[in-house]
Amino acid sequence: METMAKDGAAQEATVTPNKDVSEDNPKGYTVIYVLGGPGSGKSTQCAKIAPYFGFCHLSVGDLLEAEVETGSEYGKMIEDCKKEGRLVPSDLVVKLLQQAMQRSQNKKFVIDGFPRNKENRAAAESIMKIEPDFVLFLDCSEEEMKRRLLNRNQGRVDDNINTIQKRLKVYFECTLPVINYYSAKGKVRKIDAERSPEEVFEAIKDIFFELKEKHGRPSDARSLSG
Ligand SMILES: Nc1ncnc2c1ncn2[C@@H]1O[C@H](COP(=O)(O)OP(=O)(O)OP(=O)(O)O)[C@@H](O)[C@H]1O
Ligand SMILES: O=c1ccn([C@@H]2O[C@H](COP(=O)(O)O)[C@@H](O)[C@H]2O)c(=O)[nH]1
Ligand SMILES: [Mg+2]
């Protein structure tokens, strides 16, 4: 199925149309948050979703890495947070995300690993004026997430058991409440992420096809903007 994104006709069938701009959604953005614990497979799945459905994949972790590489005054603080599994202050994260969205030619975003806590979530609503169409929640056991991270082999400074334990604590204490917040609003689509990457993507596709169908009907378009 990976080859579908390269095939013009097949991709045409999967691309989700742009939304109209409205008072609630002045930029006409479509936003999907992808959340789950460390190692649940967020980045793996976003990398599949983006080309297949015509979305821009924005990983806040990658934006922070890119900021470090510019020689930014925040570089040391960002690196320390990553090594310690702590979250970077919300104002910086939101600024980087906002800039990346503005730079993009695309208006449809799959946002990987954000919002991580209540402050992120509130800032996205009040400063960025974004409300997700839905939240993909990759549900995976702690044991499997640890196993994946310890085998990731991508040279990440946080892929060690000490940092992983700290990241899990942040996930359970700060990120899970954000998922519960959106769940109470009926926006969470929970996926069993314990399965193979291909099986997880098949389940995700069904959810995106629902979104595409809704966008295709003008009378439903408003309900998707928040
Ligand atoms: N469904 C899966 N089954 C087995 N391994 C997987 C699966 N999904 C991803 N992986 C592997 O697990 C590791 C972590 O995946 P990934 O980087 O996508 O997780 P993540 O949720 O983005 O983690 P982080 O929060 O640290 O960025 C990678 O080595 C990836 O290849
Ligand atoms: O919203 C965010 C996202 C990420 N961080 C910091 O980056 C690392 C790595 O993030 P991944 O998404 O897992 O690649 C994370 O542990 C945090 O230190 C953040 O602060 N806020
Ligand atoms: Mg990731």
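Preceding this paragraph is the structure being described.
So, here is what we can say about the structure in this document. These figures come from a predicted structure and were not determined experimentally.

About the criteria used
- Residues numbered from 1 in each chain as written.
- Chains lettered and ligands numbered in written order.
- Predicted model: local features only at pLDDT ≥ 70, side-chain atom pairs only at ≥ 80, totals over all residues.
- Heavy atoms only, no water.
- Near = heavy atom within 4 Å.
- Areas by Shrake-Rupley, 256 points an atom, 1.4 Å probe, with all protein chains shown as cover.
- Helix = DSSP H or I, 4+ residues; strand = E, 2+ residues; numbered from the N terminus.
- Nonpolar A, V, L, I, M, F, W, Y, C, P; charged D, E, K, R; others polar.
- Polar contact = N/O pair within 3.5 Å; in protein donor to acceptor, adjacent residues only side chain to side chain.
- Axes fitted to C-alpha atoms, helices over the stretch in contact; angles between N-to-C directions.
- Parallel < 35°, antiparallel > 145°, perpendicular 65-115°, else oblique.
- Left-handed = near helix turned anticlockwise from the far one by under 90°.
- Contact = heavy atoms within 4.5 Å.
- Salt bridge = Lys/Arg side-chain N within 4 Å of Asp/Glu carboxyl O.
- Buried < 20%, exposed > 50% of the residue type's maximum accessible area, 1.4 Å probe, protein only.
- Core = buried A, V, L, I, M, F, W, Y, C linked by side-chain atoms within 4.5 Å.
- Pairing = 2+ DSSP bridges.

Some thoughts on the site of ligand 2
So, point 1. Taken together, 15 residues lie near ligand 2, and R86, V88, R116, R156 and R167 sit nearest.
So, point 2. Summarising the interface, the protein chains cover 96% of the accessible area of ligand 2, which totals 440 Å² for the free molecule.
So, point 3. A total of 3 residues in the shell around ligand 2 trace back to one element, the largest contributor, which is helix 3 (residues 60-69).
So, point 4. Looking at the shell around ligand 2 residue by residue, the class counts come to 7 nonpolar, 3 polar and 5 charged.

With respect to the site of ligand 1
So, point 1. The local shell around ligand 1 holds 17 residues, among which K42, T44, R152, R167 and R195 are the closest.
So, point 2. Between ligand 1 and the protein, one listed contact pairs an oxygen atom with a backbone N or O atom of G39 at 3.0 Å.
So, point 3. Here R167 contributes a side-chain N or O atom positioned 2.9 Å from an oxygen atom of ligand 1.
So, point 4. Expressed as a share of its isolated accessible area of 640 Å², the protein-covered part of ligand 1 is 82%.
So, point 5. Residue assignment for the shell around ligand 1 shows that the elements contributing at least two residues are helix 2 (42-53) and helix 7 (142-150).
So, point 6. The element best represented in the shell around ligand 1 is helix 2, accounting for 3 residues.
So, point 7. Split by residue class, the shell around ligand 1 holds 4 nonpolar, 7 polar and 6 charged.

So, the packing of helix 3 against helix 4 (residues 75-84)
So, point 1. At their nearest, the axes of helix 3 and helix 4 sit 8 Å apart, and the two run at 140 degrees to each other. Taken together, helix 3 and helix 4 sit at an angle that is classed as oblique. When the axes of helix 3 and helix 4 are compared, the crossing they make is left-handed. The residues of helix 4 that touch helix 3, namely those facing L64, E65, E67 and V68, are G75, I78, E79 and K82.
So, point 2. Of the residues assigned to the contact of helix 3 with helix 4, the class counts are 3 nonpolar, 1 polar and 4 charged.

Focus: the pattern of salt bridges
So, point 1. Tallied over the entire structure, the rule returns 17 salt bridges.
So, point 2. With its nearest N and O atoms 2.8 Å apart, the salt bridge here joins K166 to E84. Here E84 lies in helix 4 and K166 lies in helix 8 (residues 161-184), a separation of 82 residues in the sequence.
So, point 3. In this structure K166 comes out as partly exposed when scored by relative accessible area, which is 31%.
So, point 4. According to the relative accessible area criterion, E84 is partly exposed, its value standing at 36%.
So, point 5. For D158, the salt bridge goes to R167, with nearest N and O atoms at 3.6 Å.
So, point 6. A single network of salt bridges, built from pairs that share partners, joins E131, K185 and K187.

Section: the nonpolar core
So, point 1. In terms of nonpolar packing, the biggest core is built from 34 residues, with Y33, L97, M101, I111, F114 and I130 touching the most fellow members.
So, point 2. For M101, the residues in contact, after removing those within four places along its chain, are Y29, V31, L58, F109, I111, M128 and I130.
So, point 3. L149, F201, A203 and I207 belong to the second largest nonpolar core, which has 26 residues in total.

Overview of the sheet that holds strand 4 (residues 134-139)
So, point 1. If you walk across this open sheet you meet the 5 strands as 2-3-1-4-5, and the pairing is parallel. Two strands in the sheet have a free side with no partner beyond their single neighbour: strand 2 (56-59) and strand 5 (188-192). Averaged over all pairs of adjacent strands, the angle between their axes in this sheet comes to 20 degrees, without regard to strand direction.
So, point 2. For strand 1 (residues 30-36) and strand 3 (residues 108-112), the ladder comprises 5 bridges, and the chain directions are parallel. Bridge pairing in strand 3 links T30 to K108.
So, point 3. The sheet contacts of helix 2 involve strand 1, strand 2, strand 3 and strand 4, and relative to strand 3 the element is tilted by about 170 degrees.

Focus: the packing of helix 6 (residues 118-126) against helix 8
So, point 1. For the pair helix 6 and helix 8, interaxial distance at closest approach is 8 Å and the crossing angle is 45 degrees. Comparing the axis directions of helix 6 and helix 8 gives the class oblique. Taken together, the residues of helix 8 that come into contact with helix 6 (itself represented by K118, R121 and E125) are C174, V178, Y181 and Y182.
So, point 2. Classifying every residue of the contact of helix 6 with helix 8 gives 4 nonpolar, no polar and 3 charged.

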